[in-house]
Structure formats: structure tokens, C-alpha cells
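Structural features, examined
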Amino acid sequence: MKIIVDMMGGDNAPLAVLEGTAQAVKEYGVQVIGVGSEELVRKTAAEHNIPLDGIELVNCTETIEMCDEPARAIRSKKDSSIVVGLNMLKNGEGDAFVSAGSTGALLSAATLIVRRVKGIRRAAMGPQIPTRTGRECVLIDCGATADCTPEFLLQFAFMGSYYAEKVLGIENPRVALLNIGAEDSKGGELQKAVYPLLKQAGEAGKINFTGNIEARDVPLGGADVVVSDGFSGNILLKGIEGTALFMASMMKDMFKKNLLTKLAALLCMDGVKAFKKKMDYRETGGTALIGLNKPVI
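Attention in this report is confined to the structure presented alongside it.

**Section: the overall build of the protein chain**
A count of helical and extended segments in the protein chain gives ten helices and eleven strands. For 297 residues, the compact-globule formula gives about 19 Å, and the C-alpha radius of gyration of the protein chain, at 21 Å, lands near that figure. When its C-alpha atoms are laid out on the principal axes, the protein chain stretches across 60 × 60 × 35 Å. Every one of the 297 residues in the protein chain was classed for burial, and the buried ones make up 43%. Of the contacts formed within the protein chain by residues at least 6 apart in sequence, a portion of 67% connects residues at least 24 apart. In the form shown here, the protein chain has an accessible surface area of approximately 16,000 Å², with 53% of it arising from carbon and sulfur atoms. Looking at charge distribution, the protein chain has the averaged site of its 34 positive side-chain charges lying 3 Å from that of its 35 negative ones.

Next up, the structure:
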């Protein structure tokens, strides 16, 4: 497998990308094509003693910054790592493209270059959220499209269900609509408009639609696929991330309180570490842009 990696994407690029890429090459034996400023990448690798074995570098002279307007950036910066990498993916020079750069630019460029699956109106971000049941839940969408139509959400439900079944191995995944209440009549205009469409698809046996779900029930495992507009989904995702960080901090303070609590921490350290790892979004990895012709992460 050959993975194309945006070496210039993310807050600490290219160092953070180099560290992760080198680890992936070592642990998984994948071939990597790193696109970005070759001079900067080689300089950074040398300064931090990071091996470039198994990493082929393709030089780019431009970088799309987080502050750049996405549509304008992909038109004006043709030699940026995102545009070059996606064109390589389109041309079959790699099996997937991974970037930690601007989400808006990546989505726009991927839609224009790699293109969507025929019939799909919008690609969606589908992160996997840990739940109390032990299996993960697909949240779709979580920020790619803030303002959605009922048709978009209906397609998200189909894509999320297929992803949960084929990628996560969940048989007949339960699909629910994120809402402010479980009753059929709850929600704004968008939720009220899409609910009967999802219900109809469920009755036809196309998806396993279970109704509305409140945000608090998502981490409890109330559904395998949670359908949402990008605005609401992003708030849910960031809320879960913030709660996890808060709980980890509170646990740390609790165990450091006195000698007895420190001893208690030693006795349950393995469980605490497992909990922190499960709830740490940095351990989850990238999020797939679902609905594109080729894998973009």
C-alpha cells in the first residue's frame, strides 16, 4: 500500500507529520510519498534524527495555510501540497491521501480533483466516537457542511450506515438522527423535514433507522451511526472532546490529593491509563471524508 502524505499540514508541520509518518513506516511497512517543501522536510528530519527510509519526497513550492480562503487557495496555489497530493491520488500514484491541513481546503480540493461518488451531493466527515458499549459510533457529518438540506442528511445516513457495516464490521448498524429530544416532533425545520425521509428509508429496509437521539446518549452507545448537519455535529464532537479532557484533569487532581489517593492511583493505574487513552481524541487517528471516489483522510 502506498500512502500520499501532506507534509505541510497541521500546526506543527512538518515535524509532527514526519514523526508520525516515520512511525507508520516502521510499524506497518507502508510506502509513503511525502508532498511538501523537500528542503524543509529534509532539514527538519536531519535536525531531529528522523529517518526518511521508506519515504519518497515530492517537492512543492506552495503551502495552503489555515487562514487561507479554501476555494481561492486551491485555485491560486496549484503547487501546494494538498493540490499536488490529491492530483497524484487521482492519477493512481497512491492508494490514499492523508492531510492534517485546512479541512475546508482539503474538502474543496478533494471534491474538485478526486470528485464525489456518482449521485452523492456532499462528501461528509465521519469520525468514530468511543462509546460505553465498547464499539465505536460513526458521527456524520461533523463539520464538512454546516448548512445541510434534508437530501444531504438522508445521503449521510446511507453513507454512514455503509461505512459502519463495511469498515467497522457492525452488522445492521443502528442509524439515529441527532436532535434535541427523542420524540418524532422535536427539532428545527431541518430535523422535522428529514425525519420522515429517514423513517421511510427504514421502513423500506434500506437502513436500520431507530429515530432521534439526544447528544447525551451518543457516548452511551445509543446508536451506531449518528446523522447530523456539520454545525451540530461539530459541537457534539468538540463537546465530547472537552468533557474527556475535563474528566482526565479531574481524575489527576483527585488522585494527587493525598497519600491514600496516590496509593489508590497505583492500584488502578492500568485502568486509568486505558480510560484516558480511549477518551483521547489524539489516539483516534484521522477522519475519513466519506463519499469521495478515493480514500482521503
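**Quick look at the packing of aromatic side chains**
Tallying each qualifying case throughout the model produces one aromatic pair. With a centroid separation of 5.4 Å and an interplanar angle of 70°, the aromatic rings of Y195 and F209 are classed as edge-to-face. Of the two residues, Y195 sits in helix α7 (residues 189-203) while F209 sits in strand β9 (residues 208-213), which places them 14 residues apart along the sequence. By the burial criterion, Y195 is buried, and F209 matches it.

**Comments concerning the sheet that holds strand β4 (residues 96-98)**
What the four strands build is an open sheet, ordered β3-β2-β1-β4; its pairing is parallel. With one partner strand each, in any of the chains shown, β3 (55-59) and β4 form the two edges of the open sheet. Mean inter-strand twist for the sheet, computed between neighbouring axes without regard to direction, equals 25°. Bridging between strand β2 (residues 31-36) and β3 involves five bridges; their strand directions are parallel. The residue of β3 that forms the bridge with V35 is V58.

**A word on a positive patch on the surface**
Together, K90, R115, R116 and R122 give the surface a local cluster of positive charge. By secondary structure assignment, the location of R116 is in the loop between α5 (103-113) and β5 (124-125).

**Brief notes about the side chain of N212**
Relative to the elements of secondary structure, N212 occurs in strand β9. Residue N212 is classed as buried on the basis of its relative accessible area of 10%. Reaching out from N212, the side chain makes a polar contact with the side chain of N179 at a distance of 3.3 Å. A polar side-chain atom of N212 sits 2.7 Å from the main-chain carbonyl oxygen of E183.

**Here's the deal with helix α1 (residues 15-28)**
In this model, α1 (14 residues) spans 20 Å end to end at C-alpha, consistent with the 20 Å of a helix rising 1.5 Å per residue. Every buried residue of α1 is listed here: V17, L18, T21, A22 and V25. The arc that holds the buried residues of α1, viewed along the axis, is 125°, so those residues lie on one side. Looking at α1, the residues exposed on the side facing more than 90 degrees away from the buried face are K26 and Y28. The positive-phi residue at the C-terminal boundary of α1 is G29, with phi of around 70°.

**Brief notes about the sheet that holds strand β6 (residues 128-129)**
Across the sheet, which stays open at both edges, the five strands sit in the order β6-β7-β10-β8-β9 with mixed pairing between neighbours. Each having just a single partner strand, β6 and β9 make up the two edges of the open sheet. Of the pairings in the sheet, the one linking strand β7 (residues 137-140) to strand β10 (residues 225-227) comprises three bridges and is parallel in character. Within the sheet, the bridge partner assigned to V138 lies in β10 and is V225. With respect to the sheet, helix α6 (residues 150-166) is in contact with β6, β7, β8 (174-178) and β10, its orientation differing from that of β10 by roughly 165°.

**A short note on the pattern of salt bridges**
Applying the stated rule across the entire model yields seven salt bridges. The salt bridge partner of D68 is K77, with a shortest N-O separation of 2.7 Å. Here R216 makes a salt bridge to E214, at a shortest N to O gap of 3.9 Å. On the basis of relative accessibility, which here comes to 62%, the residue R216 falls in the exposed class. Within this structure, R135, R174 and D224 form a network of salt bridges that share partners.

**Some remarks on the packing of α6 against α7**
As a packed pair, α6 and α7 sit with axes 9 Å apart at the nearest point and diverge in direction by 40°. Taken as axis vectors, α6 and α7 run oblique relative to one another. When you trace α6 past α7, the crossing you get is right-handed. Mapping the contact onto sequence places P150, L153, L154, A157 and F158 in α6 and L190, A193, V194, L197, L198 and A201 in α7.

So, how was this worked out
- Residues numbered from 1 in each chain as written.
- Predicted model: local features only at pLDDT ≥ 70, side-chain atom pairs only at ≥ 80, totals over all residues.
- Heavy atoms only, no water.
- Helix = DSSP H or I, 4+ residues; strand = E, 2+ residues; numbered from the N terminus.
- Rg over C-alpha atoms; globule rule 2.2 N^0.38 Å.
- Buried < 20%, exposed > 50% of the residue type's maximum accessible area, 1.4 Å probe, protein only.
- Contact = heavy atoms within 4.5 Å.
- Areas by Shrake-Rupley, 256 points an atom, 1.4 Å probe, with all protein chains shown as cover.
- Lys, Arg positive; Asp, Glu negative; His and termini not counted.
- Charge placed at Lys NZ, Arg CZ, Asp CG, Glu CD.
- Phe/Tyr/Trp six-rings, centres within 6.5 Å; stacked < 30°, edge-to-face > 60°.
- Pairing = 2+ DSSP bridges.
- Axes fitted to C-alpha atoms, helices over the stretch in contact; angles between N-to-C directions.
- Patch = residues over 30% accessible without salt bridge, like charges linked within 9 Å, V, L, I, M, F, W, Y side chains within 5 Å.
- Salt bridge = Lys/Arg side-chain N within 4 Å of Asp/Glu carboxyl O.
- Polar contact = N/O pair within 3.5 Å; in protein donor to acceptor, adjacent residues only side chain to side chain.
- Expected span 1.5 Å × (residues − 1).
- Arc of directions from axis to C-beta.
- Parallel < 35°, antiparallel > 145°, perpendicular 65-115°, else oblique.
- Left-handed = near helix turned anticlockwise from the far one by under 90°.

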